[in-house]
Amino acid sequence: MDDVLDADVIDAGVIDAGVLDGARTTAALTALGVRPGDVLLVHASLRSLGPVADGARGVLGALRRAVGPAGTLVVPAFTPENSDTSPHYRERVRGLDAGAVDAVRASMEPYDPAVTPAPSMGALAETVRAAAGAGRSAHPQTSFAAVGPDAAHLLAGHRADCHLGEDSPLARLYEADARILLLGTGYATCTAFHLGEYRMPGPPRRSYRCVVTSRGVRRWWEYEDVALDDGDFAALGAAFEEAAADGDVRAGQVGAAACRLVRLRPAVDFATDWLTEHRATERRSGRPTGS
């Protein structure tokens, strides 16, 4: 679910032929198939693009020019840092004694959509989250941030006990016939596939726990939801691309990065069927799901 954080940032006033500037980035996005008025769910590894003028700010500017004033950009703004049931937490406390673990837990801040950063989601996601006029959904673990005229509608109603299902922005993106932009990333980071997990018959469920604020008081909150598992998303994406109809996947280059523009709706429909078949086989063979 994580994007790559780092990017090479170049002063816009010192651009050479090897640096990706805003105009070239916009032109490359347009050549890939991004159109004015698009609703895009963006996953980005800015490091993969190569040197970029103005870094994440420059890429966001290019994206906004490509979709125009009628377009909307959406990014995952997840916060595994405030959960003690996340792989991020398990890695953070690995090898610590009980006192050190207690100190880590006490230091974990409750989710506040207005200010909580999403450092593990990457530089572009953080730039969108902090942009003037950006909105953010309410889920304390798997929020999304967005800029553009459809942002409020896409982000509304994100239930706290529904990470990435029918009461999340992913379902609103599906309804909007949005497209997924994999900007230097692969299908392993394709968050939209998680909606397919929810649409499988009888998906496995598990408990989650995170820090929230209730009536101004910090507390731990535990809830149950679908067991999220992105371990087979790279294989799922490869299978989808082989079966995709014309126009469902466009491939191209932005800077040094191989990129894809994918229609979200057929990708989720394919994921639902593929995961239903493959996860059932895995459960019969004893492979655990969820993380």
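Thresholds applied
Residues numbered from 1 in each chain as written. Predicted model: local features only at pLDDT ≥ 70, side-chain atom pairs only at ≥ 80, totals over all residues. Heavy atoms only, no water. Buried < 20%, exposed > 50% of the residue type's maximum accessible area, 1.4 Å probe, protein only. Helix = DSSP H or I, 4+ residues; strand = E, 2+ residues; numbered from the N terminus. Arc of directions from axis to C-beta. Contact = heavy atoms within 4.5 Å. Axes fitted to C-alpha atoms, helices over the stretch in contact; angles between N-to-C directions. Parallel < 35°, antiparallel > 145°, perpendicular 65-115°, else oblique. Left-handed = near helix turned anticlockwise from the far one by under 90°. Nonpolar A, V, L, I, M, F, W, Y, C, P; charged D, E, K, R; others polar. Polar contact = N/O pair within 3.5 Å; in protein donor to acceptor, adjacent residues only side chain to side chain. Salt bridge = Lys/Arg side-chain N within 4 Å of Asp/Glu carboxyl O. Pairing = 2+ DSSP bridges. Phe/Tyr/Trp six-rings, centres within 6.5 Å; stacked < 30°, edge-to-face > 60°.

A.B. asks: Can you help me understand helix 1 (residues 22–32) in this one?
C.D. replies: For an α-helix the count is 3.6 residues per turn, leaving residues at separations of three or four pointing the same way. Taken as a whole, helix 1 has its buried residues at Gly22, Thr25, Thr26, Ala28, Leu29 and Leu32. Burial along helix 1 is one-sided: seen end-on, the buried residues are contained in an arc of 160 degrees. Along helix 1, exposed side chains directed more than 90 degrees from the buried face belong to Ala23 and Ala31. Packing partners of the buried residues in helix 1 comprise helix 3 (55–67), strand 7 (179–183), strand 10 (249–254) and strand 11 (257–263). Directly after helix 1, the chain includes Gly33, whose backbone phi takes a positive value near 125 degrees.

A.B. asks: I tried to follow the packing of helix 1 against helix 3 on my own but got confused; where do I start?
C.D. replies: The geometry of a pair of packed helices is captured by two quantities: the angle between their axes and the separation between those axes. Remark: helix 1 packs on helix 3, axes separated minimally by 8 Å, with the N-to-C direction vectors making an angle of 45 degrees. Our classification of the angle between helix 1 and helix 3 gives oblique. Read as a crossing pair, helix 1 and helix 3 show a hand that is right-handed. Facing helix 1, whose interface residues are Gly22, Ala23, Thr25, Thr26 and Leu29, helix 3 presents Ala62, Leu63, Arg65 and Ala66. Grouping the amino acids of the contact of helix 1 with helix 3 by side-chain chemistry returns five nonpolar, three polar and one charged.

A.B. asks: Which parts of the structure should I look at to understand the side chain of Ser83?
C.D. replies: In this fold, Ser83 is placed in the loop between strand 4 (72–76) and helix 4 (87–93). Taking relative accessible area as the criterion, Ser83 reaches 1% and is therefore assigned buried. Of the polar contacts made by the side chain of Ser83, one reaches the backbone oxygen of Arg209; its length is 2.7 Å. Each residue touching Ser83, except ones within four places of it in the same chain, is listed here: Tyr89, Met108, Gln141, Arg209 and Cys210.

A.B. asks: Would you take a moment to explain the pattern of salt bridges for this structure?
C.D. replies: It is possible for side chains of opposite charge to pair when their charged atoms get near one another. In the structure shown here, the tally under the stated rule is 17 salt bridges. Between Asp167 and Arg159 there is a salt bridge whose closest N-O contact spans 2.7 Å. Residue class for Asp167 comes out partly exposed when judged on its relative accessible area of 29%. A salt bridge links Asp177 to Arg263; the shortest N-O distance between them is 3.1 Å.

A.B. asks: Help me out: how do you make sense of the pairing of strand 10 in this one?
C.D. replies: Regular strands place their side chains on alternate faces of the sheet. Strand direction decides the pairing type here: strand 10 and strand 11, joined by six bridges, are antiparallel. The residue bridging Ala251 from the neighbouring strand is Arg260, located in strand 11. From the end of strand 10 to the start of strand 11, which pair antiparallel, there are two residues, and Gly255 there has a positive phi angle of about 60 degrees.

A.B. asks: For this particular structure, what's the right way to read the packing of helix 3 against helix 6 (residues 123–130)?
C.D. replies: Orientation of helix 3 relative to helix 6, taken along the N-to-C sense of each, is 70 degrees, at an axis distance of 9 Å. Taken as axis vectors, helix 3 and helix 6 run roughly perpendicular relative to one another. Considering how the two elements wind past one another, helix 3 and helix 6 form a crossing that is right-handed. Residues Ala56, Arg57, Val59, Leu60 and Leu63 of helix 3 pack against Ala123, Leu124, Thr127 and Val128 of helix 6. The residue inventory of the contact of helix 3 with helix 6, partitioned by class, reads seven nonpolar, one polar and one charged.

A.B. asks: For this particular structure, what's the right way to read the packing of aromatic side chains?
C.D. replies: Each aromatic ring pair is characterised by the separation of its centres together with the angle its planes make. The final tally for this structure, using the stated rule, is six aromatic pairs. Taking 4.3 Å as the distance between ring centres and 20 degrees as the angle between the ring planes, the aromatic pair formed by Trp221 and Tyr223 counts as stacked. Here Tyr223 falls in the buried class, since its relative accessible area comes to 6%. Taken together through their ring pairs, the aromatic side chains of Tyr187, Phe193 and Phe233 make up a single cluster.

A.B. asks: When you look at the environment of His153 in this model, what are you seeing that I'm missing?
C.D. replies: As for its position among the elements, His153 is in helix 7 (residues 151–155). Take His153: its relative accessible area is 52%, and that puts it in the exposed class.

A.B. asks: Would you take a moment to explain unusual backbone geometry for this structure?
C.D. replies: Most peptide bonds adopt trans geometry, and most residues besides glycine take a negative phi value. The backbone of Asp54 shows a phi angle near 65 degrees, a positive value even though the residue is not glycine. Asp54 sits in the partly exposed class, given a relative accessible area of 32%. A positive phi angle, close to 55 degrees, is found at Arg215, a residue other than glycine. Note that Arg215 resides in the loop between strand 8 (205–214) and strand 9 (217–226).

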